[in-house]
Amino acid sequence: MISSAQNAVRRNLDCPPLVVLSLFILLLFATSGTSGQSVNSGGSPTTLDEAVQQLADRVAGIPNLRGPLRVQYFQEAPFAAETGKDWEESFRKGLEKSRLAVTDDAGANLLRVGLAETPTEVVLSAGIRLNEKEEVRFVTVTRTAFALPNAAVSPVRVEQQLVYQSTERILDAVFATDDAGAGLVILADRAAGLAVARVDGAGEVKQTVSLAGAGARASRDNDGELAVHANDVEAVIGGKACHFTWAAGQDVACHSVKVVRRGATVVKPRCGDGSWKLAGEGSDWFSPDLLQVVPDGSARKGSTALLSDFPGPIVSVSAGGEPNADSALVVTRNLRTGNYEVYKVTLACGN
Amino acid sequence: MRCTRSRWLAGISALAIALTLGMAGWVGATKRPRYGGTLRVQLHVASLSLDPREWKAGSVTAADSERLASLVYERLVTLDEFGRFQAVLATEWSHDGAARNWQFKIRSGVKFSDSSALTAKDVAAALQPLLPAGQTITSSESSVTIHSPRAVPDLLQQLASGRYFVFRAQGGNAPLLGTGPFVLAETTPPTPSEMNPSVLKPARMKFRANEEHWAGRPFLDGVDVTLGDPPLRQILNLQVGRAEVIDIPPDLVRKAHQENLRVWSSPPETLLALRFDDGQPSTQDARLREALDLALDRQTMASVLLQRQAQPAESLLPQWLSGYAFLFGSAMNLDRAKELRAALPANVAGGAEPLRMRVDAVGDLMKLLGERVAINARQGNLSVQLMPHAASGTGATGPAGLHLFAWHYDSLSPRVQLEEMAQYLRAEAGSEAANESTNPEKLFADEQRLLGTRQMLPLVALPEYVGLASNVRNWSVAPSGEWRLADVWLDSGEAAASNGDSSGGRNGAQGVHP
């Protein structure tokens, strides 16, 4: 049984992109009410919905338990914000399916049900006192074992579109401009070292080139930049510039350079004649960031700006390589899931 | 669709908030962390040890030691706030089907602070004395294997917390070498003050950045730690800019809020509890224990005495670790306590003879809590007497039958934590907690059994509170409780975050996230 760092996480660079866990949980509950799927109570649940069903089944299996039951739910406030109240409804339905009615009558037997998140698991528990004995049932799901949705890329939105995500640290992302057409190129810090990957429009990794063999090493500050020109790729990181072409594969050459950071990212909406500068506002890795969009060339103080929320700190902003330049790529670290996410940000016109 | 300028403006305004910005710091790109500066940390603990072999399970001092040790030593793996184990000194790991033998591949290119290379042999030598009895570790060229006579499915939780650091002993009194992001540069013991020799100047520890750290040099040039400063002075030092990080006792958190300081808090990390000792034979009477248990008003202890900076505790393991603590509950019941007391012979401890209670010296808070326990006991017709600290154990008044102590949760494995508590209690009922199961139902049953003996009565659980200067950036704490100071940087700009409260936990949206 392998449990290495690569396998301990949900996905890596070679896997399709993810949707955040919280969204996933909500989606699950959105469908749970109509699902007629039977649950194998002996198997390990891989979704919260399955876990809730299993707990209901296990409670229903307590010897001599008869309804109606008064159910009291317990959930830590921060976790509650992620799951909402739908799981409680799902649990109630599970009990009723087993002919255990639920009531508000204060005289009914009290069943206490909890949903908690520990450092490694999501724990569902239920306890009831029956004939002077405490009957307790548990269902646990490893936090990293939650199944992932197939729909990896979110539907197109006007200004922000999630185009890729990974459990591995993404330092930069730029639009691909090679012969393969639409897609992006990402610079990632993996357990095995730095790598550049080419991702297609569907979020699938098509090619990965390791920079570790050429002596490139990531620094602690997330500072790394990509530049692509057709099939040529340059990654500047840790005081080194590394060059390769997709065709040449692993033939990477690095040399020391004086680092000159990418200038302000400027995009032009397809309507109107102005240009807008994009930049992250935050300065901390542990707080959600705002993307500022300000008119290019405007006075710095007192400029009118558009702000766009991100689920974590903004790691990089780039419009490099995009032929139309009405879009940019923003790399952020989602503070709920820990995944690095790449968003395509487009300045939309009208509604 | 053809967009006119006015429609475009209307659309864009519907998408985002237009506002006026203070753009003084605008640089056209995401603000990068700044390298440099020294972080000044002040702790009220007077002394600590950076030798993990000396740390006792559950010790509050060991928790402070662990926090600083994480500057200089590293683990094989860590756990992130998203429930994922992350590679540190081990890059890969695997185990057999029974989870008794675990193999870890050691990261290459890692150096100790004396520039010598880390080897698998070093890892084995460091971890062997730290592993529980029965577990052994062997090394090969680039990997180590931990062997256990029983299944340890939670070995990663075990290794990602507590004392399981990798170091190299140099022999004699020389400090241990580590591979961490900082290097211990200087230690100054407490010294008499020049102005007033009867007053001791606090001990200091200086750490400098490890320029060759495998994950990159930390942002800070160094970390200066002052030990043993009184809490009120620490708060003043934070206010006047003489410290960037201080630890705040729970009873001063309210003051810190009133002073508009930036305060970070963790989930409950320390349990304050009573333990019945065998110094007074009648404490073995289950009715006496139950009577005291029912007389305790934990809610008032947490909300009044500790000003809502603690949580009432009715379980041994906290909710954030077990996920089931809410299932335990023992409501205060004075009438029942009195009934039980009335059923006891009049001359047992707690009756004619007081139940003598010794209190661990962890500041005024423990003394206040001890006094509250005595008041609650009196309400249940039980007599509890606090022993002077000097007379703890077997003083002139006789041996103690009750012990008020603090227990720090130092393992991310609920099984290991419960086992350690059972060992501390030396309880017969706890022997069954020493099992190989991480099954929550089994753990719950073990904890229920331990609580059922009432040898230990949980009182309140305390979070850790840290005061932070407004220019401290990237403050984060691992689930194991370690401060991730390698990622911290000091913002010298005027736009440093404003002060304020951030509380609730060490993960994600909780804690300080300025």
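Residues numbered from 1 in each chain as written. Chains lettered and ligands numbered in written order. Predicted model: local features only at pLDDT ≥ 70, side-chain atom pairs only at ≥ 80, totals over all residues.

Q: In this structure, what is going on with the overall build of chain A? I would like to understand it.
A: Each helix and strand counted, chain A has 5 helices and 20 strands in total. Considering chain A as a whole, with its 351 residues, one finds that 46% of them fall into the buried category. In chain A, once contacts between residues fewer than 6 apart in sequence are set aside, the share between residues at least 24 apart is 55%. (Helix = DSSP H or I, 4+ residues; strand = E, 2+ residues; numbered from the N terminus. Buried ≥ 20, exposed ≤ 12 C-beta atoms within 10 Å, placed from the backbone. Contact = placed C-beta atoms within 7 Å.)

Q: Which parts of the structure should I look at to understand the domain arrangement of chain B?
A: Residues and elements named next belong to chain B. For chain B, the assigned domains are domain 1 (34-71 + 180-247 + 469-514), domain 2 (74-177) and domain 3 (268-462). Taken residue by residue, the interface counts 9 residues in domain 1 and 10 residues in domain 3. Residues belonging to the side of domain 1 that touches domain 3 are distributed by class as follows: 5 nonpolar, 4 polar and no charged. (Domains from an automatic or database assignment. Nonpolar A, V, L, I, M, F, W, Y, C, P; charged D, E, K, R; others polar.)

Q: Hey, could you run me through helix α7 (residues 286-295) of chain B in this one?
A: All names here are of chain B. The buried count for α7 comes to 7 of 10 residues, which makes it a mostly enclosed element. Within the sequence span of α7, burial applies to Leu 288, Arg 289, Ala 291, Leu 292, Asp 293, Leu 294 and Ala 295. In this structure, the buried side of α7 is in contact with β15 (262-276), α10 (334-342), α11 (364-379) and β22 (456-468).

Q: I tried to follow the environment of Leu365(B) on my own but got confused; where do I start?
A: Residues and elements named next belong to chain B. Note on placement: Leu 365 falls in helix α11. On the basis of neighbour counts, which here come to 19 C-beta atoms within 10 Å, the residue Leu 365 falls in the partly exposed class. Once the C-alpha coordinates of Leu 365 and Gly 178 are considered, the two residues, 187 residues apart in sequence, prove to be 35 Å apart.

Q: Which parts of the structure should I look at to understand unusual backbone geometry?
A: Phi is mostly negative for residues that are not glycine, and the peptide bonds are mostly trans. All names here are of chain A. Here Gly 67 and Pro 68 are connected by a cis peptide whose omega angle stands at -5 degrees. Tracing the sequence through the fold places Pro 68 in the loop between α3 (48-60) and β1 (69-75). Of note, the phi angle at Glu 132 is positive, near 65 degrees, even though the residue is not glycine. Locating Glu 132 in the fold gives a position in the loop between β3 (121-130) and β4 (133-142). Using a count of 5 C-beta atoms within 10 Å as the deciding quantity, one classes Glu 132 as exposed. Positioned with a positive phi, Asn 222 is a non-glycine residue whose angle comes to about 65 degrees. On the secondary structure map, Asn 222 appears in the loop between β9 (205-210) and β10 (224-229). Residue Asn 222 is classed as buried on the basis of its C-beta count, with 21 C-beta atoms lying within 10 Å.

Q: In this structure, what is going on with the packing of α3(A) against helix α5 (residues 86-97) of chain A? I would like to understand it.
A: Packed helix pairs are specified by the crossing angle of their axes together with the interaxial distance, meaning the distance between the axes. Residues and elements named next belong to chain A. In contact at an axis separation of 8 Å, α3 and α5 are set at 40 degrees when each is read in the N-to-C sense. Seen from above, α3 lies across α5 with right-handed handedness. On α5, the residues that touch Leu 48, Asp 49, Val 52, Gln 53, Leu 55, Ala 56, Asp 57, Val 59 and Ala 60 of α3 are Trp 87, Ser 90, Phe 91, Gly 94 and Leu 95. Classifying every residue of the contact of α3 with α5 by side-chain character gives 9 nonpolar, 3 polar and 2 charged. (Axes fitted to C-alpha atoms, helices over the stretch in contact; angles between N-to-C directions. Left-handed = near helix turned anticlockwise from the far one by under 90°.)

Q: Explain α10(B) here, please?
A: It helps to recall that an α-helix has 3.6 residues per turn; residues three or four apart then point in one direction. Residues and elements named next belong to chain B. The complete set of buried residues in α10 reads Ala 337, Leu 340 and Arg 341. Across the axial projection of α10, the buried residues extend over an arc of 100 degrees, all falling on one side. Those residues of α10 that are exposed and angled more than 90 degrees off the buried face are Asp 335 and Ala 342. Where α10 is buried, its residues contact α7. (Arc of directions from axis to C-beta.)

Q: For this particular structure, what's the right way to read the confidence of the model for chain B?
A: Should pLDDT be low for a region, the predicted coordinates there are not to be read in detail. All names here are of chain B. Scored by pLDDT, chain B comes out at a mean of 85, with 85% of its residues at no less than 70. Across residues 1-30, confidence stays below pLDDT 50; counting only partners more than four residues off in sequence or on other chains, it has 53 contacts. Below pLDDT 50 for its whole length, residues 427-433 participates in 17 contacts with residues either more than four positions away or in separate chains. The ipTM value of the predicted complex is 0.79, and its pTM value is 0.79. (pLDDT = per-residue confidence, 0-100.)

Q: How should the pairing of β15(B) be read in this particular structure?
A: Each regular strand displays side chains that alternate between the two surfaces of the sheet. Residues and elements named next belong to chain B. Taken across its 15 residues, β15 has 15 buried, putting it largely inside the fold. Here β15 pairs with β22 via 11 bridges, running antiparallel. When the bridges of β22 are listed, Leu 274 appears paired with Leu 457. (Pairing = 2+ DSSP bridges.)

Q: Please explain the nonpolar core as it appears in this structure.
A: Soluble, globular proteins show a tendency: their nonpolar side chains are buried together. Ranked by internal contacts, the top residues of the largest apolar core, which has 84 residues, are Val72(B), Val77(B), Ala90(B), Val123(B), Val166(B) and Val223(B). A per-element tally of this core places helix α3 (residues 120-127) of chain B first, with 5 residues. Judged by nonpolar contacts, the second largest core, of 79 residues, contains Leu48(A), Ala313(B), Leu321(B) and Ala377(B). (Core = buried A, V, L, I, M, F, W, Y, C linked by C-beta atoms within 7 Å.)

Q: What should I look at first to understand the sheet that holds strand β7 (residues 183-190) of chain A in this one?
A: The pairing of strands in a sheet happens through backbone hydrogen bonds and is either parallel or antiparallel. All names here are of chain A. Strand order in this open sheet of 4 strands is β6-β7-β8-β9, and the pairing throughout is antiparallel. The open sheet has two edge strands, β6 (169-175) and β9, and neither has a second partner. This sheet shows a mean twist of 20 degrees between the axes of neighbouring strands, independent of strand direction. The pairing of β6 with β7 spans 6 bridges and is antiparallel. In the sheet register, Val 174 faces β7, and the bridge partner there is Val 185.

Q: Would you mind going over the sheet that holds strand β2 (residues 109-117) of chain A with me for this structure?
A: The 4 strands are arranged β1-β2-β3-β4 (chain A) in an open sheet whose pairing can be described as mixed. The outermost strands of the open sheet, each flanked by one partner alone, are β1 and β4 of chain A. Going across the sheet, the axis of each strand differs from the next one's by a mean of 15 degrees, ignoring polarity. Two elements, β1(A) and β2(A), share 7 bridges in a ladder whose sense is parallel. Residue pairing in the sheet places Gln75(A) in a bridge with Leu115(A) of β2(A). Sitting on the sheet, helix α13 (residues 440-453) of chain B is in contact with β3 and β4 of chain A, with an inclination near 140 degrees to β4(A).

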